[in-house]
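Listed below, chain by chain, are the residues.
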Amino acid sequence: MMRLLLRRLRRLSPASGRSFSGLPAAQVRRTFLDFFRDQHQHLLVPSAPVRPRGDPSLLFVNAGMNQFKPVLLGTVDPRSQMALWRRVANSQRCVRAGGKHNDLEDVGRDGTHHTFFEMLGSWSFGDYFKEEACRMAWSLLTEHYGIPADRLYVSYFGGDAGSGLSADRETRDIWLDLGVPVSRVLPFGLKDNFWEMGDTGPCGPCTEIHYDHVGGRHAAALVNAGGSELVEIWNLVFIQYNREADQSLRLLPQFSVDTGMGLERLVGVLQGKRSNYDTDLFTPLLDAIHQRSKAAPYGGTMGTEPDAQVDRAYRVVADHVRTLAVCIADGVHPGMSGAELVLRRILRRAVRFCAEVLQAPPGSLASLVPTVAQTLGDSFPELSREADRIADIIDENEGHFLSSLQRGSRLIQRTCLRTDGGPFPAAAAWSLHRDLGFPLDLVDLMLEERGVQVDRQELDRLVSHDQKMRAEQQVDARPRLLPDVLSLAALRHAGVPHTDDGPKYRYHLENGRYVFPACRATVLALYDGRALVPEVGPGQRCGVILDQTCFYSEQGGQSHDHGYLTRGGLREVLFSVEAVNRAGGYVVHQVTVPDHLRTGDQVELHLDQAHRLSCMVKHTATHILNFALRSVLGRSVQQRGSRISADRLRFDFSVKGSLSSAQLQQVDRCVRDVISANQDVHTLEVPVRLAGAIRGLRTADEVYPDPVRVVSLGVPVSELLDGGTDRETSVELCCGTHLLQTGSIQDLVIISEKQQVKGISRIVAVTGQDAVQARDMGRALSQEVDSLSARLSGSAPSSLGSALQFSKEASALSDVVDNTPIPQWQRRELQVRLRAALRSIGAAIRKLEAQKAAESAAALLRRRGQMELLVDAVETDSPSVLMKTVNQLSAAAPLSHVMLLAHQRHSGKVFCACQVPKDSPALAASDWAVALCRRLGGSAGGSALVAKGTGSSGDITEAMRWAEDFARKKAGR
């Protein structure tokens, strides 16, 4: 009775507190964060970058929970701060374009779809659950934002008989207790109100809060109906199950709450706008676009009318420039694969709408970046700091695409005229995509505006074929065997201690050689891919968890250790370790067992010492390289990724353009100085708070354990902590395995440096004997280029044969220089010299060919005279000389139809070249050449005036007779 009375009282009570109607977006965001921090003791954590941290399943961060997946999956490093989080809130920048969640093609068609958006989120990890989450949400919306309760509806999970799931009545009753009328608490099924992370993994029922833009009515029927009048604004997910591989559900040992509310939609509600583009998150951008375009001001129209097309372009450009700015600030640049390719599509869509629909001049898109920084900079200060660099990258990419856009538009127009209203050929659409870089959805848009459709079935076939070919080229990697969230929880519940991997750092120098002590361990757990098991049999693949290990698990860009295990001293049975990974504090050794293995077995670990030492060399060398780059190029250089393996190292970093030869030599000298100094490599575990205060510290975008390992070259970490030195040195947070002295590297050579995308360069380097060999090869190739240059400068080639031989030598040497591991600065210098030599040789060849052609043409004219139809043979092994001879004959006799053949007697090959007068409608040169060369089993091509080709024949006289007969029949003579 008392519960019913409380429900009625709450239902009748007006919303208390101040109404925030018309609240600016920045204050909406701040109110959310302050509410959870100040009133409910949530820790505010920064937004993660839009490039996912160590999650290859995602192109972009597309939800607030992405950065917390390690917590939800139980794989979080127990030493990290993240492992301690219980209540968390933030505003996460998200991108939904490409992959499973893709809003790209819907952007601009309505007022709510975006490729970039902010997700306001709150989380509980094993702390509060359903009741507290619902109360917090209702309080924030109705009391702090002042949204009238009679505009809100809530949905909950109504159960699913097929899955054996009953309705979430607990959540329904919580809403009723909060005063929501029963007619506004609505049940829905799996599709709408059951959240899943993926095909397997954590999942659970969710409850959603919906807002009615109209109000003053009963609109329950519109909830989840897909209309724009009644929209979902907040989703509260109760993560309580784990979806197994067999699709069954098991309760999780720890329940969590994950809530998400899109800022753009919430601001629309609070500012009384049904379209997000009418809020102050977008209106400054729309005004800035109008100032730069020749279009009418933004009118907010939707649909397919001409005015709506212009307004759609406004929305597309406003949305896309926000996405571009945020992604580039976070290190994702337009490129040719993965997330970079998606961003390239977004940029090209924006450029096309900007240039063709809004008629804005080149550079307009980049000029919008300061406005983006103004509207989002309070939350994401990176935008203001990086504004100039972002604009430069957009501007350069825009310039590249504008030229392609003009060519593509002309191609579409010509093709549409040829098809005369029929379907647009799939091959032409695919060519636009493959050759000119047009996103396929952009091709669809451009055709849609002309009222034309592509041959969708054939285009889908071409896309499918391309995807199949790409998949076949990829290496078939075996999936990692990592315990799932329930198995990890079972390990903790059973008291299985986290793996002690300290032995991986326990090595020392002895008489100049690295010594890796023996390591023995006990098998604590075995994971067969589905569950923890006490035993595995021969041929079975499993994950082995030991009490301690000397094997390095793959992390921080460094590849895992190689080696094998032996059991109980039986050295003849080797358990080869295929991979080593970390999960929730446990190191998992992936093994295909040759014999039985049981928990409790004693094993000895045998490290592949040569592989480990090579990785140590490369990792320390990477730190030196990072330091050298910052020393030469300045502190603006930021690491964007690295990969360290036994054979080479790869290092990605931010820089405006590719390094010059002089800069590469400076970096080379700096690296060699540190190596030759044989500096000591110092390491120390330090609390994260103290480590962050070290002067000159370099970090990467990773979640670090606490305490964290600090690696310093030449200066003890303790001195750096005390601030007792002003010496510039390399100091980084790093969990990798390193040398003890830099001299063991011997040498480092950068063998490749190039821009992956605008603003991001990649260096590939080798060390040790590979570096020594690269320098030796560089010197040898330099001597060969010197020799070629000396011979060329001594005297110009006197004959065409000698000139062609020079060209062949220079081209072959250029290929060797391009593809041989040598210092990159030296490669650049040799390439410049070889290009100059090839230009000089090319000029000589063209001069000699012209002379040879003039001699042949004069001889033919003397022998045959000026004829209306001239078919003959000349002695030359150069197709270029043959064509030039034809040109000279046609110049001397403009009314002649000329075809010359050159028979290569040693191979039987026949070169063909022909030219016809400009006013020769009956006989096109291309038809003439194609007909003869096809008869000779070859091919030809060209224009109506000039053509050439090849074929094969043992009797050139017969070929000449046939070609002459063909021409006479065509010309009607």
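Residues numbered from 1 in each chain as written. Predicted model: local features only at pLDDT ≥ 70, side-chain atom pairs only at ≥ 80, totals over all residues. Heavy atoms only, no water.

Undergrad: Would you mind showing me how to read the overall build of the chain here?
TA: When helices and strands are counted, the chain shows 28 helices and 32 strands. Seen along its three principal axes, the alpha-carbon backbone of the chain occupies a region of about 120 × 80 × 60 Å. Going through the 973 residues of the chain one by one, you find that 52% of them count as buried. At a minimum sequence separation of 6, the contacts of the chain that also span at least 24 residues come to 71%. Surface accessibility of the chain: about 43200 Å² in total, with carbon and sulfur atoms responsible for 49%. When the 113 basic and 111 acidic side-chain charges of the chain are each reduced to a single mean position, those positions are 4 Å apart. (Helix = DSSP H or I, 4+ residues; strand = E, 2+ residues; numbered from the N terminus. Buried < 20%, exposed > 50% of the residue type's maximum accessible area, 1.4 Å probe, protein only. Contact = heavy atoms within 4.5 Å. Areas by Shrake-Rupley, 256 points an atom, 1.4 Å probe, with all protein chains shown as cover. Lys, Arg positive; Asp, Glu negative; His and termini not counted. Charge placed at Lys NZ, Arg CZ, Asp CG, Glu CD.)

Undergrad: Where do I start with the environment of Ala774 in this structure?
TA: Along the chain, Ala774 falls in helix α23 (residues 768-794). The sequence separation of Ala774 and Arg791 amounts to 17 residues, and the corresponding C-alpha distance is 26 Å. Not counting chain neighbours up to four residues away, the residues in contact with Ala774 comprise Val749, Ile751, Pro821, Ile822 and Pro823.

Undergrad: Hey, could you run me through the domain arrangement of the chain in this one?
TA: Where interface size is quoted, it is often the accessible area lost as the parts come together. If you check the domain split of the chain, you get domain 1 (25-278), domain 2 (282-417), domain 3 (485-500 + 517-606), domain 4 (613-752 + 759-764), domain 5 (771-846) and domain 6 (865-971). Here the C-alpha centre of domain 5 lies 63 Å away from the C-alpha centre of domain 1. (Domains from an automatic or database assignment.)

Undergrad: Where do I start with the nonpolar core in this structure?
TA: Grouped burial of nonpolar side chains is what soluble globular proteins tend to show. In this structure, Tyr145, Ile209, Trp234 and Leu383 are the most contacted members of the largest nonpolar core, which totals 120 residues. Top contributing element to this core by residue count: helix α9 (residues 306-329), with 12 residues. Among the domains, domain 1 (25-278) and domain 2 (282-417) are the pair contributing at least three residues each to this core. If you look at the next biggest cluster of nonpolar residues, it comprises 56 residues, including Val544, Leu605, Leu659 and Val674. (Core = buried A, V, L, I, M, F, W, Y, C linked by side-chain atoms within 4.5 Å.)

Undergrad: Please explain α23 as it appears in this structure.
TA: A turn of α-helix holds 3.6 residues, and therefore any two residues three or four places apart point the same way. With 27 residues, α23 extends 39 Å from end C-alpha to end C-alpha; this agrees with the ideal 39 Å at 1.5 Å per step. All of the buried residues in α23 are Gly768, Ala771, Ala774, Arg775, Gly778, Leu781, Ser782, Val785, Leu788 and Leu792. Looking at the packing, one finds that the buried side of α23 touches α20 (661-676), β26 (748-757), β27 (760-767), α24 (800-819) and α25 (824-864). (Expected span 1.5 Å × (residues − 1).)

Undergrad: So what exactly am I meant to see when it comes to α25 here?
TA: The end-to-end C-alpha separation of α25 is 57 Å, in line with the 60 Å expected for 41 residues at 1.5 Å each. Directly beyond the C-terminal end of α25, a positive phi value near 75 degrees is found at Gly865.

Undergrad: I tried to follow the packing of helix α4 (residues 130-144) against helix α5 (residues 169-177) on my own but got confused; where do I start?
TA: The description of two helices packed together rests on the angle between their axes and the distance between the axes. Close contact between α4 and α5 brings their axes to 10 Å; oriented N to C, the two are set at 40 degrees. Comparing the axis directions of α4 and α5 gives the class oblique. Crossing of α4 over α5 shows right-handed handedness. Contacts from Lys130, Glu131, Cys134 and Trp138 of α4 reach α5 at Glu170, Thr171, Ile174 and Trp175. The class makeup of the residues in the contact of α4 with α5 is four nonpolar, one polar and three charged. (Axes fitted to C-alpha atoms, helices over the stretch in contact; angles between N-to-C directions. Parallel < 35°, antiparallel > 145°, perpendicular 65-115°, else oblique. Left-handed = near helix turned anticlockwise from the far one by under 90°. Nonpolar A, V, L, I, M, F, W, Y, C, P; charged D, E, K, R; others polar.)

Undergrad: Sorry if this is basic, but what is going on with the pattern of salt bridges here?
TA: Side-chain pairs of opposite charge can arise where the charged atoms are in close proximity. What the rule picks out here adds up to 52 salt bridges. Of the charged contacts in the structure, one is a salt bridge between Asp747 and Arg672, with a shortest N-O distance of 3.8 Å. In this pair, Asp747 sits in the loop between β25 (731-733) and β26 while Arg672 sits in helix α20, placing the two residues 75 residues apart along the sequence. Classification of Asp747 as buried rests on a relative accessible area of 7%. Arg672 sits in the partly exposed class, given a relative accessible area of 39%. Here the salt bridges do not stand alone but share partners, grouping Arg30, Asp34, Arg37 and Asp38 into one network. (Salt bridge = Lys/Arg side-chain N within 4 Å of Asp/Glu carboxyl O.)

Undergrad: Looking at this structure, I do not really get the UniProt feature "binding site: Zn(2+)" (unreviewed entry) in the chain. What am I missing?
TA: Mapped onto this numbering, the UniProt entry annotates "binding site: Zn(2+)" (unreviewed entry) at His619, His623, Cys734 and His738. Across 120 residues in sequence, these annotated residues keep their C-alpha atoms within 9.8 Å of one another, forming a single compact spot. Along the polypeptide, His619 turns up in helix α19 (residues 609-633). (UniProt positions renumbered as here; feature names shortened; annotations may be inferred.)

Undergrad: Would you take a moment to explain the packing of aromatic side chains for this structure?
TA: Each aromatic ring pair is characterised by the separation of its centres together with the angle its planes make. Following the criterion strictly, the structure yields 18 aromatic pairs and no others. An angle of 55 degrees between the planes, with centres 4.6 Å apart, marks the rings of Phe68 and Trp123 as tilted. In this pair, Phe68 is assigned in the loop between β1 (43-44) and α3 (69-73) and Trp123 in strand β3 (residues 116-125), connecting sequence segments 55 residues apart. Aromatic pair Trp962 and Phe966: ring centres 5.5 Å apart, planes at 20 degrees, arrangement stacked. Placement of both Trp962 and Phe966 in helix α28 (residues 956-971) is noted, with a separation of four residues, approximately one turn of the helix. (Phe/Tyr/Trp six-rings, centres within 6.5 Å; stacked < 30°, edge-to-face > 60°.)

Undergrad: I tried to follow a positive patch on the surface on my own but got confused; where do I start?
TA: A contiguous patch of positive charge, built from Arg407, Arg410, Arg414 and Arg418, is present on the exposed surface. As for its placement among the helices and strands, Arg410 is situated in helix α14 (residues 387-419). (Patch = residues over 30% accessible without salt bridge, like charges linked within 9 Å, V, L, I, M, F, W, Y side chains within 5 Å.)

Undergrad: Explanation requested: the packing of α23 against α25 in the structure shown.
TA: For the pair α23 and α25, the least separation of the axes is 11 Å and the interaxial angle reads 20 degrees. Between α23 and α25, the crossing angle belongs to the class labelled roughly parallel. Our pair here, α23 against α25, has a crossing hand that is left-handed. Contacts between α23 and α25 involve Gly778, Arg779, Leu781, Ser782, Val785, Asp786, Leu788, Ser789 and Leu792 on the former and, on the latter, Gln826, Leu830, Arg833, Leu834, Ala837, Ser840 and Ile841. Here the contact of α23 with α25 is built from residues that sort into eight nonpolar, five polar and three charged.

Undergrad: Looking at this structure, how should I read the state of the cysteines?
TA: Here, the word disulfide means a covalent bond between the sulfur atoms of two cysteines. In this structure the tally under the stated criterion is zero disulfides. The thiol sulfur of Cys94 is not disulfide-bonded, and the nearest other cysteine sulfur, from Cys327, lies at 11 Å. Cys203 supplies the cysteine sulfur nearest to Cys206, a cysteine that is in no disulfide, at a spacing of 11 Å. (Disulfide = S-S within 2.5 Å.)

Undergrad: Looking at this structure, I do not really get the sheet that holds strand β21 (residues 639-644). What am I missing?
TA: Strand pairing in a sheet is mediated by backbone hydrogen bonds. Such pairs are either parallel or antiparallel. Ordered in space as β21-β22-β27-β26, the four strands form an open sheet in which the pairing is antiparallel. Of all strands in the sheet, those with a lone pairing partner are β21 and β26, marking the two edges. Across this sheet, the average inter-strand angle for adjacent strands is 15 degrees, counted without regard to direction. (Pairing = 2+ DSSP bridges.)

Undergrad: How should the pairing of strand β4 (residues 152-157) be read in this particular structure?
TA: Residues in a regular strand project their side chains so that they alternate between the two faces of the sheet. Among the six residues that make up β4, six are buried, leaving the element largely enclosed by the rest of the structure. Sheet analysis places β4 next to strand β7 (residues 201-212), joined by four bridges and oriented antiparallel. By the bridge assignment for β7, Ser155 is matched with Glu208. In terms of handedness, the path from β4 via α5 over to strand β5 (residues 185-188) forms a crossover that is right-handed. (Right-handed = clockwise from strand over helix to strand, strands pointing away.)

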